[in-house]
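Structure at a glance
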Amino acid sequence: MALHKDFPKDKFEILDPAIRWFPADEDLRKEGYEKLLPPFVPRLREEVAQWRNENYKGASETSKALLNWWFNEPHTILNRDGLSIPFQYYFAQREAVETIIWLYDTEGVTSKYDLLKFDKLGRVSPNMFAEDWLRFVIKMATGSGKTKVMSLLLAWSYFHKFYEENSELAKNFLLITPNIIVLDRIKADFEGLKIFNEDPILPDNGYYGQNWEDDFQIKVHFQDEVGTIAKSGNIFLTNIHRVYEGSLKQPSFSDDDLSDYFLGKKVVGKTTDSKIDLGEIVRDVDELVVINDEAHHIHDPKMAWFKSIEDIHNRLLQKGKKLALQIDVTATPKNNRGEIFVQTVSDYPLVEAIHQGVVKNPILPDEASRAKLIEKQSSLFAEKYEDFLRLGVEEWEKTYNTLEPTGKKSILFIMTDDTKNCDDVATFLENSYPKLRNAILTIHTNKSGEISETVSSKKEKELQELRRKANEIDSMESPYKVIVSVLMLKEGWDVKNVTTIVGLRPYGSDSKILPEQTLGRGLRRMFFGQDVEEYVSIIGTPAFMEFVESIKAEGVELEKRKMDRMGKPITPTVIEIDHQNVNKDISSLDIILPILTPRIQREYKNLNLLNEAQFTHQKIAIKEFSDEEKREIVFKEVIDEKVHHTTILQSSIEPNYQSVIGFFVQKIMKELRLFGCYDVLFGKVKQFVAKHLFNKEVALNDLNTLRNLSELPAVKTIIETFKQEINNLTVTDVGDTEIRNYIKVSNARPFVVTDRKYLLPRKSVFNKIVGDSEFELEFANFLENTNDVISFAKNYYEIHFKIDYKNVSGAISSYYPDFFVKTDAKTVYIVETKGREDLDDIEKIKRLRQWCKDASERQKNIKYKMLYVKQEDWEKYKPKNFAELTASLEKP
C-alpha cells in the first residue's frame, strides 16, 4: 500500500489524479482505485484538473478572479519577526476550494440529485443523503490547514453574493465547532478578521475591476459576544450547543406524557447558561451559509446537530428562501460504523499529508521491539504498563533535549481508559521522574473523549482554567510537559508540540474514535513553513498499535440505508434477470449449477506433523549486537515501514521470548486464517527459531536473539517459511466431494457496473452482458450468434458460483470461471477465457477439470464439461460454431 512511485514530496505541486494514493497495492490501481475512494472523488478530481488547465473556463467573473488571485498570483506574508516571506496555499487546500467552486459555479450543482452523475460506479442513491439542502463535505487530514479552506470559501460566497447578479449564496455565515476547545482555536484566527488581514484572501482593490478590500464589510459575532446584527455581513462563530433550540420536537397528543401538550413546555435552563439565544438569532436571518469544522459529528439525522441545521433550513423555506449551502470540513467524514459520508467531494488523505511533510511522520516500534514491552501482571494500572510508560518518557526526553535549544518544548501525550488510571499514571510519573514533578496536566474527559460543557457554575472557573492550561502547553512559559488524558481527546487540543503518544487502552468495536482522530492530537507541525523533518512516536498496547496502523488501509465503506421507492440507485448500467423481456423464456434459458462440498481442504490435525528440521529455507547469519543494541527499540515509519530511529530502553528488560514467539504465531495464524492451533504452532515456531532459523542454535532468552528477531530477514523468513510449509502439509485434496445444493443463474440479484460496453443478449437470462476485457465481450458475442448454443451466462459475482483450488503458494483460494454455456438440455460447459496466462491459471484449470468430473458423476441429469479458451488459440482457429471450438480445444 505504498504511494505511487511518482507521487511528489512537494506539498505545493499540482497532483495528477492518476497518481493519487488509494488503500491497496499499486498493481490493483486499475481495478480498485475508484472502489476504495469516496464515490464522487475520482471523477471530480479529473473534472477539476481539466477545468484548472483551462483556466477555470465557465466560472463566473467573481470566482475566476478569486481563484487566480489565490492560486496563480505570487504572495508574501509577514512572519513573527516582521519579515516578508513567500506564501502559497497547499495543493490540498487549493483542490478543495476549486472543487466546491467548480461544482456550484461552473457545473451548476444545486441538489443531491445533481451530484449523482459524478458517481462512476453507481454506488450512491438519493436515499443516502439525509438532508434536503445542498451539502458538500471536504476530507482533509488533521493539520493540513482546514481553517484556511474555510476562510477562502467564506470569502468566495461573500463576494459571489455581492458581485454576481441573482447569486443564491450568502453574506451571512454560521461557523460551527463541536466544542468550546475547537471554538477557542478558530476564534484565534477569525477574531478581528485576523485571518483575512494576514493571509492573501482579499484581492487588492482594482483587481479584475472590483474594490475587494473596501467591499468586504463583515462582522464576527462570538458566542455571547453578539454585537449589532446587520441584514448581511455577519459571521456567527459558535459551538453547536448554542445553536440547539431546546427540544425541536413539538408537543403532540400522541406523547406518553401529555403535560407539555396541555400546559405548555416547561422552562428549562440551557446547558451552557447562554445569555443570548444565538440559535434564534441565526434562524431569523434571510440568507445563510453553514460551515462545520470537525464535521464528523454530523453523522446521524437524529442528532440535535443535524436537526438544528434542518430547522434553520425549514425556517428559511417558510420565507421563500433556503439554506444556501452547507460546507463540512473534517479529517474523518465517517459515521461510527466507519461508513463514508456520501457528500464527500474532495479528499486529501493522511497518507499523502505524511509523505508531503504537511504533518508529522508517525513512527512505531517494529513488531519484535514491541514484544520486549511486557504487560505485567498487576492490578495497578501504571505498574501493569510500566514498560510502555518508561519507553514513552525516554522517547519524549530525546526530542525534548533536542528541541530545547530551539525554543520549542516537546510534549508527551498519554491516554488511559478511566479517571482512576489517569491519576495513577500521573502519580507514577511524578514519583519516578523528578523532572516531571508539577509538570503533568491531567484531563478527565467523558467516555466519548470530550470534556462535558454541562458544568455547574462553581466548576466553570475550573473548566476555563483547564482549557487555558491545555491551550498554552506549547509555550515555554507553561510548566507542563506531559498531558495524561482519559481516552484520546477527540479534537480541540491540537497542540503543535506533541512528539510522543502513549496509548494504553484496548480499542474495541464500540470505540467512537477513529485512528486518524487519535493520531490527530500529535500531527500538527511545530516548525510551520520550514523544511524540518518532524515525527511523532506512537507507543501502546497491541490493540492500540494495530488500530493506529489501520490508517494505511482505510478504504471506503458507504453508508447503508434502507431504500424505498424513491431511493433506488441511479446507476450507469443495471445488470438483472430480464423478466420484463416478453421475447425471452427465462426457464428454458436458465442454467442449473451444483454446489459441491470443498474438495481442497485444510486438515488442521496435521499441524503436529510439521518437521521444522526439514524446512527448506535459507539460514540467516546471526549478528552479535552490543549491550546497547540489545536494548534497542526499533521505530519504523507507519507508511513506508522504513527504519526511522532506535531508542535504548533504560528500564530493565527481562528476556521474554514467549511474547516474541507469540507475535509470530499470531501473525502466521492471521494470514492463513487458522484457528485453534496456537499451542501446537507456538512449539513449532519456538523450535524453529532456536535451532533452525539461524546458522547456529541460539538461546531464546538471550537479548541478542531478541534483537536479531527485529531484523527484516528474520521476520520474513519465519512468517513466509511457516506459511509455505503449513500450506504444503495441511492443504490437501480430500479425494471426494458431494453435492450440497443447487443454484439457478436466474436467482442472481440485480447489481450495477461501471459504464462499460455491453452486449444485449437473446440467449441469456440477463438483460446485458459485460466483460472484464474486450476478449470476453467478443467471446460472448460469439456465443450469442452461434446456432449450437441454447443459452449462456457470464459468471457474475452475484451468481455466487466459485470453485476452491490450491494456488501456487499452496494456499486455498477461490476461483470464478468466466462463462456457463448450455448446448442442450443435458450439457453445460464451464468456460474459462484467458488473455495472458500465469502460474495460478494452470492450477485453476486442473481444478476446473476435476470439478466438472465430480459434478457429472455425483448426478446424472446434466453433464458438466470444462473448456479453456486462450486468446491466442481463439485468434488462431477462429471457430465458426461452438462444436468447432470444442473440437479444437477439448482434451480427452
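Each value, and the rule that gives it
Residues numbered from 1 in each chain as written. Predicted model: local features only at pLDDT ≥ 70, side-chain atom pairs only at ≥ 80, totals over all residues. Heavy atoms only, no water. Helix = DSSP H or I, 4+ residues; strand = E, 2+ residues; numbered from the N terminus. Buried < 20%, exposed > 50% of the residue type's maximum accessible area, 1.4 Å probe, protein only. Contact = heavy atoms within 4.5 Å. Areas by Shrake-Rupley, 256 points an atom, 1.4 Å probe, with all protein chains shown as cover. pLDDT = per-residue confidence, 0-100. Axes fitted to C-alpha atoms, helices over the stretch in contact; angles between N-to-C directions. Left-handed = near helix turned anticlockwise from the far one by under 90°. Nonpolar A, V, L, I, M, F, W, Y, C, P; charged D, E, K, R; others polar. Core = buried A, V, L, I, M, F, W, Y, C linked by side-chain atoms within 4.5 Å. Phe/Tyr/Trp six-rings, centres within 6.5 Å; stacked < 30°, edge-to-face > 60°. Lys NZ or Arg CZ within 6 Å of the ring centre and 35° of its normal. Salt bridge = Lys/Arg side-chain N within 4 Å of Asp/Glu carboxyl O. Pairing = 2+ DSSP bridges. Patch = residues over 30% accessible without salt bridge, like charges linked within 9 Å, V, L, I, M, F, W, Y side chains within 5 Å. Lys, Arg positive; Asp, Glu negative; His and termini not counted. Charge placed at Lys NZ, Arg CZ, Asp CG, Glu CD. Expected span 1.5 Å × (residues − 1).

1. Observations concerning the overall build of the chain
A tally of helices and strands in the chain yields 30 helices and 31 strands. Here the chain holds 892 residues, and 57% of them are scored as buried. Pairs at least 24 residues apart make up 74% of the contacts formed inside the chain by residues separated by at least 6 positions. Of the roughly 40400 Å² that the chain leaves accessible, carbon and sulfur atoms contribute 48%.

2. A short note on the confidence of the model for the chain
Per-residue confidence for the chain averages 82 on the pLDDT scale, and 83% of its residues sit at or above 70. In the predicted structure, residues 447-458 sits below a pLDDT of 50 and forms 29 contacts with residues beyond four places in sequence or in another chain. Confidence over residues 509-513 falls short of pLDDT 50; this stretch has 11 contacts with residues more than four positions distant or in other chains.

3. Regarding the packing of helix α3 (residues 61-72) against helix α6 (residues 146-163)
The interhelical angle for the contact between α3 and α6, taken along N-to-C directions, is 150°, at an axis separation of 9 Å. Here the hand of the crossing between α3 and α6 comes out right-handed. In contact with T62, S63, L66, W70 and F71 of α3, α6 contributes L152, A155, W156, F159, H160 and Y163. Taken together, the residues that form the contact of α3 with α6 break down as 8 nonpolar, 3 polar and no charged.

4. Structural notes on the nonpolar core
The nonpolar side chains of a soluble globular protein tend to be buried, and buried together. Core analysis: the largest hydrophobic core is formed by 111 residues, its most contacted members being W70, W156, F196 and I235. Per-element tally for this core: the top contributor is α6, with 10 residues. Excluding anything up to four places from it in sequence, W70 contacts H75, Y89, V97, I101, L152, A155, W156, P200 and I201. The next biggest cluster of nonpolar side chains, apart from the first, holds 55 residues, and it includes I575, L848, A855 and Y864.

5. Looking at the packing of aromatic side chains
Under the defined criterion, the tally for this structure stands at 39 aromatic pairs. Relative to F71, the ring of W70 lies with its centre 6.0 Å away and its plane at 65°, an arrangement referred to as edge-to-face. A residue is classified by how much of its surface remains accessible, and W70, at 3% relative accessible area, is buried. Judged by centre distance (6.0 Å) and plane angle (35°), the ring pair of F779 and F782 falls under tilted. Here F782 and F779 lie together in helix α27 (residues 774-785), a separation of 3 residues that amounts to about one turn. One aromatic cluster in this structure is built from Y158, F159, F162, Y163, F190, F196, W212 and F216. Over the ring of Y158 we find K171, and its NZ or CZ is 5.7 Å from the ring centre. In this structure, K768 is placed above the aromatic ring of Y758, and the distance from its NZ or CZ to the ring centre is 5.3 Å.

6. Describing the environment of D423
Turning to its location among the elements, D423 is positioned in helix α17 (residues 419-432). A relative accessible area of 34% means that D423 is categorised as partly exposed. Measuring from C-alpha to C-alpha, the distance between D423 and A382 comes to 9.4 Å, with 41 residues separating the pair along the chain.

7. Structural notes on the pattern of salt bridges
Across all of its chains, the model carries 42 salt bridges by this definition. Residue E534 is joined to R525 by a salt bridge in which the shortest nitrogen-to-oxygen separation is 3.5 Å. For the pair shown, E534 and R525 are each scored as buried. With a shortest N-O distance of 4.0 Å, E778 and K878 are connected by a salt bridge. With E778 in helix α27 and K878 in the loop between α29 (871-877) and α30 (882-889), the pair connects residues that are 100 residues apart, well separated along the chain. Residue E778 is classed as partly exposed on the basis of its relative accessible area, which comes to 35%. Residue classification places K878 among the partly exposed positions, given a relative accessible area of 48%.

8. Remarks on the sheet that holds strand β5 (residues 219-222)
In a beta sheet, neighbouring strands are held together by backbone hydrogen bonds and run either parallel or antiparallel to one another. Pairing is parallel in the open sheet, where 7 strands are placed in the order β5-β6-β4-β7-β8-β3-β10. At either margin of the open sheet sits one strand with a lone partner, and together these are β5 and β10 (344-348). Adjacent strand axes in the sheet meet at a mean angle of 15°, parallel and antiparallel pairs treated alike. Where strand β3 (residues 135-140) and β10 come together, 4 bridges link them in parallel fashion. Bridge pairing links K139 to D347 in β10.

9. Let's talk about a negative patch on the surface
Residues E73, D204, E213 and D214 make up a contiguous surface patch of negative charge. Inspection of the secondary structure assignment puts E213 in helix α9 (residues 212-215). By relative accessible area, which is 39% here, E213 ends up partly exposed.

10. Considerations on the sheet that holds strand β30 (residues 827-834)
Read from one edge to the other, the open sheet built from 4 strands follows the order β26-β29-β30-β31, with strand pairing classed as mixed. The sheet is open, and its two edges are formed by β26 (791-794) and β31 (863-870), each paired on a single side. Across the sheet, the mean angle separating the axes of adjacent strands is 20° when strand polarity is ignored. Relative to β31, β30 runs parallel, the two sharing 8 bridges.

11. A closer look at the pairing of β3
Most of β3 sits out of view: 6 of its 6 residues are buried. Both faces of β3 are covered, namely the face carrying R135, V137 and K139 and the face carrying F136, I138 and M140. For β3 and strand β8 (residues 325-330), the ladder comprises 5 bridges, and the chain directions are parallel. Its bridge partner lying in β8, F136 is registered against I327.

12. Let's talk about helix α28 (residues 839-857)
Taking 1.5 Å of rise per residue, 19 residues should cover 27 Å, and α28 covers 28 Å from first to last C-alpha, within 8% of that figure. Within α28, the full set of buried residues consists of D841, K844, I845, R847, L848, W851, C852, D854, A855 and S856. Against the buried residues of α28 lie β19 (592-596), β20 (600-602), β27 (803-806), β28 (812-815), β30 and β31.

13. Notes on a nonpolar patch on the surface
Judged by side-chain polarity, V808, L839 and I842 come together as a nonpolar surface patch covering roughly 280 Å² of accessible area. In this fold, V808 is placed in the loop between β27 and β28.

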